[in-house]
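# Results of the structural survey
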Amino acid sequence: MPSDHKTGLRWSNWNLLLILPLFMLITPWFNMDEPRIFGLPFFYWYQFLFVPLGVVCVGLVYVKTKDEPVVTGKPDKLGVDDLDEGAN
């Protein structure tokens with residue numbers, strides 16, 4: 001059933017940045033031993049590299065999209081007092 005407003009999910013171009021950490025799931029790209037850093041094979045240090053990268057991506061998307069309204073369209077006409085009406 002169509003609704004006059006959206007709730008919960010919202011779209012922003014910043015959300016595309018969340019795809020970047022998912023690239024670490026494509027293991028054939030980094031399933032190799034060389035080059036080594038501090039004795040760690042490429043397979044491991046590449047995954048460690050994606051941990052802070054993922055944190056930065058999620059944090060940046062959060063900061064850039066936190067002030068966007070979730071509800072668009074007509075404003076909600078239901079007041080706080082109306083919500084307490086059935087609690088008596």
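Rules behind the numbers
- Residues numbered from 1 in each chain as written.
- Predicted model: local features only at pLDDT ≥ 70, side-chain atom pairs only at ≥ 80, totals over all residues.
- Heavy atoms only, no water.
- UniProt positions renumbered as here; feature names shortened; annotations may be inferred.
- Helix = DSSP H or I, 4+ residues; strand = E, 2+ residues; numbered from the N terminus.
- Phe/Tyr/Trp six-rings, centres within 6.5 Å; stacked < 30°, edge-to-face > 60°.
- Buried < 20%, exposed > 50% of the residue type's maximum accessible area, 1.4 Å probe, protein only.
- Salt bridge = Lys/Arg side-chain N within 4 Å of Asp/Glu carboxyl O.
- Polar contact = N/O pair within 3.5 Å; in protein donor to acceptor, adjacent residues only side chain to side chain.
- Contact = heavy atoms within 4.5 Å.

An unreviewed UniProt entry annotates the protein as Solute:sodium symporter small subunit originating from Lentzea pudingi.

So, about the UniProt feature "transmembrane region" (unreviewed entry) in the protein. In the numbering adopted here, UniProt assigns the feature "transmembrane region" (unreviewed entry) to residues 12–30 and 42–63. Span residues 12–30 is 0% helix and 0% strand, its end C-alpha atoms 30 Å apart. Measuring from the first to the last C-alpha atom of residues 42–63 gives 32 Å, for a span that is 100% helix and 0% strand.

Counted by the stated rule, this structure contains five aromatic pairs. In textbook terms, an aromatic cluster arises when at least three aromatic residues are bridged by ring pairs, as seen for F42, W45, Y46 and F50.

Attention shifts here to the environment of V55. Position of V55 among the secondary structure elements: in helix α1 (residues 42–65). Of the residues examined, V55 reaches a relative accessible area of 58% and is grouped as exposed.

Moving on, we come to the pattern of salt bridges. Across all of its chains, the model carries two salt bridges by this definition. Between R36 and D33 there is a salt bridge whose closest N-O contact spans 2.9 Å. As a salt-bridge pair, R36 and E34 come within 3.8 Å of each other at their nearest N and O atoms. Via salt bridges that share partners, D33, E34 and R36 belong to a single interconnected network.

Residue placement: T65 occurs in helix α1. A distance of 2.6 Å separates a polar atom in the side chain of T65 from the backbone oxygen of V61. Setting aside residues up to four positions removed in sequence, T65 forms contacts with R10, S12, W14 and N15.

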